[in-house]
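# Fold and geometry: a report
The primary structure of each chain is shown beneath.
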Amino acid sequence: MNIILLGPPGAGKGTQASRLEADRGMVQLSTGDMLRAAVKAGTPVGLKAKAVMEAGELVSDEIVSGIIDDRLGGLSADQGTIFDGYPRTAPQAESLDTILDAHGRKLDHVIELSVDEDALVERITGRFSCANCGANYHDKFKLPAVEGTCDVCGHHEFKRRPDDNEETVRTRMAEYRAKTAPILPLYEARGIVSRVDGMADIEHVTAAIEAILDGKG
Ligand code: ADP
Ligand code: AMP
């Protein structure tokens, strides 16, 4: 199964993708995570992407579609995928069709997480993650069970993203509205879009997504 989680920054795509990964053995393909790894490693892609990401703008379609194509090439045919943060533009959606086809895959569901934009700034500015394993947390909505200790790996250091500040969040939301939201009708025309209330509790959102994947949504 191949699915897209679609929604503005902070909608909960990464949170839900990692839960599906754990529950169903699907593979999360987050272009944001891949780009951040490239920036950290100082690769040519990372050097090109760094300033663009810090400004909250979009990295070029060629770069992101290239990394998705590479990553799919490393998966076996029986591994399901969750696209998180990709595609984000009409050309990326077009490339994804070509790439999936080339890898003998097809898109099963596009799940839109609908959220109240005013809540997103709070979600994003409170977001942090484990510096060791990347597990995601929130200052108010998802604190580790033991303060200062990662639930997943027991590590004690955490980090925050440089682009998770209010000003950049506004740019990222504007990019979403202008370039990403307009790709929805393309998938609606194919009858593969489902909407989930992204303002519900994390567990409820997961249950709603699982129901869609099980054909009960
Ligand atoms: P995205 O990947 O769409 O940018 P995240 O999954 O990283 O969003 O979520 C942003 C922040 O909001 C994280 O800190 C996460 O813990 C928190 N969060 C995610 N889903 C919910 C939810 N349903 N209710 C409250 N907080 C949430
Ligand atoms: P995310 O982790 O999805 O919030 O993405 C963080 C940043 O990485 C974005 O603000 C963009 O600068 C860049 N990025 C991630 N995915 C894409 C994409 N599919 N297309 C263009 N830029 C992207």
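Just above, that's the structure.
Quick caveat: nothing in here was measured; it's all calculated off a predicted structure.

### Thoughts on the overall build of the protein
Scanning the protein from terminus to terminus reveals 9 helices and 8 strands. Rg of the C-alpha trace for the protein: 17 Å, near the compact-globule value of 17 Å for 217 residues, within the 12% margin. Within the span of the protein, comprising 217 residues, buried residues form 44% of the whole. A fraction of 67% describes how many contacts in the protein between residues 6 or more apart in sequence connect residues 24 or more apart. Carbon and sulfur atoms form 51% of the exposed surface of the protein, whose accessible area is close to 10,800 Å².

### Things to note about the packing of helix α2 (residues 31-41) against helix α3 (residues 44-55)
α3 packs onto α2 with a crossing angle of 115° between their chain directions and a minimal axis gap of 8 Å. In terms of orientation, α2 lies roughly perpendicular with respect to α3. Two packed elements cross with a definite hand, and for α2 against α3 that hand is left-handed. Residue-level inspection shows G32, L35, R36, A38 and V39 of α2 in contact with α3, the latter providing V45, G46, A49, K50 and M53.

### Remarks on the side chain of Q16
Relative to the assigned elements, Q16 resides in helix α1 (residues 13-24). With a relative accessible area of 3%, Q16 lands in the buried category. At a separation of 3.2 Å, a polar atom in the side chain of Q16 contacts the main-chain carbonyl oxygen of I202. Those residues within four positions of Q16 in sequence are excluded, and the remaining contacts are L5, I202, V205, T206 and I209.

Definitions and cut-offs
- Residues numbered from 1 in each chain as written.
- Chains lettered and ligands numbered in written order.
- Predicted model: local features only at pLDDT ≥ 70, side-chain atom pairs only at ≥ 80, totals over all residues.
- Heavy atoms only, no water.
- Helix = DSSP H or I, 4+ residues; strand = E, 2+ residues; numbered from the N terminus.
- Rg over C-alpha atoms; globule rule 2.2 N^0.38 Å.
- Buried < 20%, exposed > 50% of the residue type's maximum accessible area, 1.4 Å probe, protein only.
- Contact = heavy atoms within 4.5 Å.
- Areas by Shrake-Rupley, 256 points an atom, 1.4 Å probe, with all protein chains shown as cover.
- Axes fitted to C-alpha atoms, helices over the stretch in contact; angles between N-to-C directions.
- Parallel < 35°, antiparallel > 145°, perpendicular 65-115°, else oblique.
- Left-handed = near helix turned anticlockwise from the far one by under 90°.
- Polar contact = N/O pair within 3.5 Å; in protein donor to acceptor, adjacent residues only side chain to side chain.

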